[in-house]
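# Structural overview for review
Letter by letter, the chains look like this.
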Amino acid sequence: MGKYVYDFIEGDRSRADLLGGKGANLAEMTRLGLPVPPGFTVSTDACRAFLATGSPPAGLFEEVNAHLREIEARLDRRLGDPRDPLLLAVRSGGRYSMPGMMETILDIGLNDVTVGGLAARSGDERFAWDSYRRLIQMFGRTVHGVPAEEFEHELAAVRATAGPGGPSAGQLRDLVDTYKKIFVRHVGHDFPQAPHEQLFLAVRAVFESWNSERARIYRRQERIPDDLGTAVNVMAMVFGNLGPDSGTGVAFTRDPATGAPGVYGDYLTDAQGEDVVAGIRNTLPLPELARLDPVSFRRLREIMATLERHYRDLCDIEFTIERGRLWMLQTRVGKRTAAAAFVIAAQLVDEGLITADEALTRVTGAQLAQLMFPAFDLAGAPEPLTVGVGASPGAAVGRVVFDSAAAAAATDPVILVRRETNPDDLPGMIAAAGVLTSRGGKTSHAAVVARGMGRTCVCGAESLDIDAERGEFVVGDRVVRAGDVLSIDGTTGRVWLGAVPVQPSPVARYLAGELSPEADGLVAAVHRLLGHADAVRRLGVRANADTPEDARRARRLGAGGVGLCRTEHMFLGERRELVERLILADGPAEREAALAALLPLQRADFVGILAAMDGLPATIRLLDPPLHEFLPPLAELTARVARAEARGEDPGRDATLLAAVRRMHEANPMLGLRGVRLGLVVPGLFAMQVRAVAEAAAQRIRAGGDPRPEIMVPLVGDVRELAAVRVEVERVLAEVDGAPEIPIGTMIEVPRAALTAGEIAAEAHFFSFGTNDLTQTTWAFSRDDVEGSFFGAYLERGIFPVSPFESIDAKGVGRLIRLAVAEGRAARPELTVGVCGEHGGDPDSVEFFAEAGLDYVSCSPYRVPIARLAAGRAAVAATTGTSDSR
Ligand code: PEP
Ligand code: MG
């Protein structure tokens, strides 16, 4: 028989897995000699055993009884004693806090007899009957699922007829009778009178509450594993509802919103904890307690200081004062806003409570990301028009437009409003300040694309009835027309009619070099913590940048180079026509002419990027996407040709283009003629790009610069592909006068490349994991298709807790990465290894890459600070073996 029950004096906070967070902290406070009512914790082991078999493990209740007897002896009171009954509180408490998700039953031990004892002992008959009705209500609801409203309804009726002092003892006694009848009606038997039976049933009900619908939904959202189970804390009751010298409250040792030191919290006189939640009376700000009960207030402040020093962090506390005596009911390291997290971590370093390394474990990349977005100034903001799903954070204000072309053509900020978006909306989404849709959730096309480009997005605002043809949408009885101004909040999903003022983020301004690090307390804290992250991190952070402007921005944000320059982005706009000429070229002369026209344009792009990254590496990737992406869409061309023919005109170039599009059509372009395959079958294409890189570098050297270009080949699956391209690359490099040594490397973005990394490393100076494609090809997911179709269902059903395109799939894709790193480095010890997929900017993924031994991550410029912080955290975790990302 195992041990399942632990007295508070046996445990400590290191045993939160076994005792739950609440139980472990109650034990810790008991050990510290703080005034905690005596009690014990039934472990999560017992809960897991119960959940596995459907019944409590053998011997559990004997053990509970033994612990109960100890408490009875200590307090010299017994459960069920008709003259002076001990009463118990039963509270759930898992490893991670799940606020409001689980159960509490107070006043266990009251029955028709002991209620008289409580009345006599407290000298307060009303209090005794009120406690009894609370027990029946909480027990009925928690153990038997009796709807709370039935009780609440009767209580409200009694309150309505009561005098100014509240219901009389007689009224409350009658209410208990009514409650008992409600109980019998729903449950089919009388309210149990035996106190021990009440206790055991309550413990059982707490176990069962672990699997309630709302608890499961909450865990899925918060990524808390389903198999942890909850502990149950059983504690002697103390009463905050024994008159004006009693009360209950919550306290924070610092302001959880801003991090400012001080006394924060609420207090309610003559009340029990659930009254605070029920909001029956207004709570008082905690500092008022200094006036009401100076002795308890002073003691509370001492305890707050003790707890902060002990936990070395912001603590939140629940306490009760029973007739002038202060009791601690709970403490934990408190939740806080992102801003408070940074401010508090820096303060605690200054106060000597934590090291700078520890400070990094107290903040997350996700919190930094939150601080970088502008926010609405809500003082004086009107009621929102509607609320949708906050899908991509930010605060956007603009004129309503209903189609992508109008958004793309707009010169002022616009909000693109669509039922849902599809790939054709891309130009409009790029141009818009924000995107608002009436359908789809966090993995809809709109959400995924908007997040990818850092565009504010609210989706699934279902109350919007959009009529794009008429250029209006209706919400309730409001009609909003094209041109009206909307404000949308991508964090909370709120949508307002009209312009709500926006405050730029001071943190973003500091990171962009527009504010000094001393600008305010928050900026100073971010500056210090990021500085420390840079000092300790092993992992380099580069940026994905396609233009000199992007590269400059990335450098300001702390990038140590460009990890991916996608050259296809240089072939858009007016240059598209040159690519068309290349595709349509009839024979080598025409092809070479087209390439020759592209060469100086590419060279100029590279000069700009190499100048922006002077002295730092800049990895330039040779062309990756299928060429037909540069031609007009098939449907559009077909229509143009048909129109011309119908008018009896010669479709001319359109007919040639249409034939080319038909010829190049692929059923699965993602798996078709792209990447290195393109370089091997389109003569001269890669050579032109390589020449442009080499000539740009030579030009920069002549100008006194220090260019460090690297050439990267995409989509390699076999070493022979890379070897063949490399011969050509080296030939071109040798032809360019004054070019520096240029490393040649490859992306690892298909499983075969990872599986044969040892061979490939023989031909590569560096690897860069293209985790976007590697995720697509490992899972056989076409990203463009799956995210908008079934990912919502997959997330809902818990197939994966987060999209593998958002956060790296460490088990599958990660295994390929580890394998390729090991085999690549075995073949070539000096091999540089990085990652340039979207995952390079995801904090959890960055921590994985650090741990997997990569040299750098590369991500979009505005995620660079987030990756720097995550890399610093990973370095600290590697030395201390801790990771605290929750
Ligand atoms: C990748 O596949 O991860 C990558 C960076 O390449 P792209 O996203 O351009 O396909
Ligand atoms: Mg790729």
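As named in an unreviewed UniProt entry, the chain is Pyruvate, phosphate dikinase, taken from Micromonospora solifontis. The chain has a UniProt comment under Catalytic activity (unreviewed entry) that states "pyruvate + phosphate + ATP = phosphoenolpyruvate + AMP + diphosphate + H(+)". In UniProt, the chain has this text filed under Cofactor (unreviewed entry): "Mg(2+)".

### Overview of the side chain of Gln689
You can see Gln689 is positioned in helix α27 (residues 685-702). The residues contacting Gln689, other than those within four sequence positions of it, are Thr567, Phe571, Gln602, Phe606, Leu622 and Leu623.

### A look at the packing of aromatic side chains
The tally for this structure, following the rule as stated, stands at 25 aromatic pairs. Ring geometry for Phe50 against Phe207: centres 5.3 Å apart, planes inclined by 40°, an arrangement best described as tilted. Of this pair, Phe50 sits in helix α2 (residues 44-53) while Phe207 sits in helix α8 (residues 195-209), and the two are 157 residues apart along the sequence. Here the aromatic rings of Phe183 and Phe191 are separated by 5.4 Å at their centres, their planes lie at 85°, and the arrangement is edge-to-face. Phe191 matches Phe183 in its accessibility class, with the two residues each being buried. Taken together, the ring pairs in this structure connect Trp779, Phe781, Phe790, Phe791, Tyr794, Phe800 and Phe805 into an aromatic cluster. Against the face of Tyr6 rests Lys3, its NZ or CZ located 4.4 Å from the ring centre. Positioned above the aromatic ring of Trp210 is the side chain of Arg219, whose terminal nitrogen or guanidinium carbon lies 3.8 Å from the ring centre.

### Some details on the nonpolar core
Among the nonpolar cores identified, the biggest contains 134 residues, and Phe342, Phe769, Ile817 and Leu854 are the most heavily contacted of them. Apart from the residues within four sequence positions on either side, Phe769 is in contact with Ile748, Leu774, Ile817, Ala820, Val821, Val833, Gly834, Val835, Cys836, Gly837 and Leu854. Counting 58 residues, the second largest nonpolar core, distinct from the first, contains Phe50, Met138, Ala205 and Phe239.

### Structural notes on the coordination of the magnesium ion (ligand 2)
For the magnesium ion (ligand 2), the protein coordination sphere consists of Glu749 (OE) and Asp773 (OD), at 2.0 to 2.1 Å. Of the two residues, Glu749 is situated in the loop between β30 (744-748) and α29 (751-755) and Asp773 in helix α31 (residues 771-779); the sequence distance between them amounts to 24 residues. The burial state of Glu749 is the same as that of Asp773; both residues are buried.

### A closer look at the UniProt feature "domain: Pyruvate phosphate dikinase AMP/ATP-binding" (unreviewed entry) in the chain
In the numbering used here, UniProt assigns the "domain: Pyruvate phosphate dikinase AMP/ATP-binding" (unreviewed entry) feature to residues 17-53, 62-282 and 297-341. Overall, residues 17-53 shows 68% helix and 11% strand. The separation of its end C-alpha atoms is 20 Å. The span residues 297-341 shows a helical share of 42% and a strand share of 38%, and its end C-alpha atoms are spaced 26 Å apart.

### Focus: a nonpolar patch on the surface
There is a patch of nonpolar side chains on the surface, built from Leu673, Leu680 and Val681 and spanning about 240 Å² of accessible area. For Leu680, the position within the fold is in helix α26 (residues 676-681).

### Topic: the site of ligand 1
If you check the shell around ligand 1, you find Leu564, Arg566, Arg621, Asp624, Met747, Glu749, Gly770, Thr771, Asn772, Asp773, Cys836 and Gly837 and nothing else. Within the side chain of Arg621, one N or O atom sits 2.9 Å away from an oxygen atom of ligand 1. Contact distances for ligand 1 include 2.9 Å between an oxygen atom and a side-chain N or O atom of Glu749. Across the complex, the protein chains shield 89% of the 290 Å² of accessible surface that ligand 1 would expose by itself. Of all the secondary-structure elements, those providing two or more residues to the shell around ligand 1 are β27 (562-566) and α31. The element that contributes the greatest number of residues to the shell around ligand 1 is α31, accounting for 3 residues. Considered class by class, the residues forming the shell around ligand 1 number 3 nonpolar, 4 polar and 5 charged.

Scoring rules and cut-offs
Residues numbered from 1 in each chain as written. Chains lettered and ligands numbered in written order. Predicted model: local features only at pLDDT ≥ 70, side-chain atom pairs only at ≥ 80, totals over all residues. Heavy atoms only, no water. UniProt positions renumbered as here; feature names shortened; annotations may be inferred. Helix = DSSP H or I, 4+ residues; strand = E, 2+ residues; numbered from the N terminus. Contact = heavy atoms within 4.5 Å. Phe/Tyr/Trp six-rings, centres within 6.5 Å; stacked < 30°, edge-to-face > 60°. Buried < 20%, exposed > 50% of the residue type's maximum accessible area, 1.4 Å probe, protein only. Lys NZ or Arg CZ within 6 Å of the ring centre and 35° of its normal. Core = buried A, V, L, I, M, F, W, Y, C linked by side-chain atoms within 4.5 Å. Donors = N, O, S within 2.8 Å, 3.2 Å for Na, K, Ca; no water. Patch = residues over 30% accessible without salt bridge, like charges linked within 9 Å, V, L, I, M, F, W, Y side chains within 5 Å. Areas by Shrake-Rupley, 256 points an atom, 1.4 Å probe, with all protein chains shown as cover. Salt bridge = Lys/Arg side-chain N within 4 Å of Asp/Glu carboxyl O. Near = heavy atom within 4 Å. Polar contact = N/O pair within 3.5 Å; in protein donor to acceptor, adjacent residues only side chain to side chain. Nonpolar A, V, L, I, M, F, W, Y, C, P; charged D, E, K, R; others polar.

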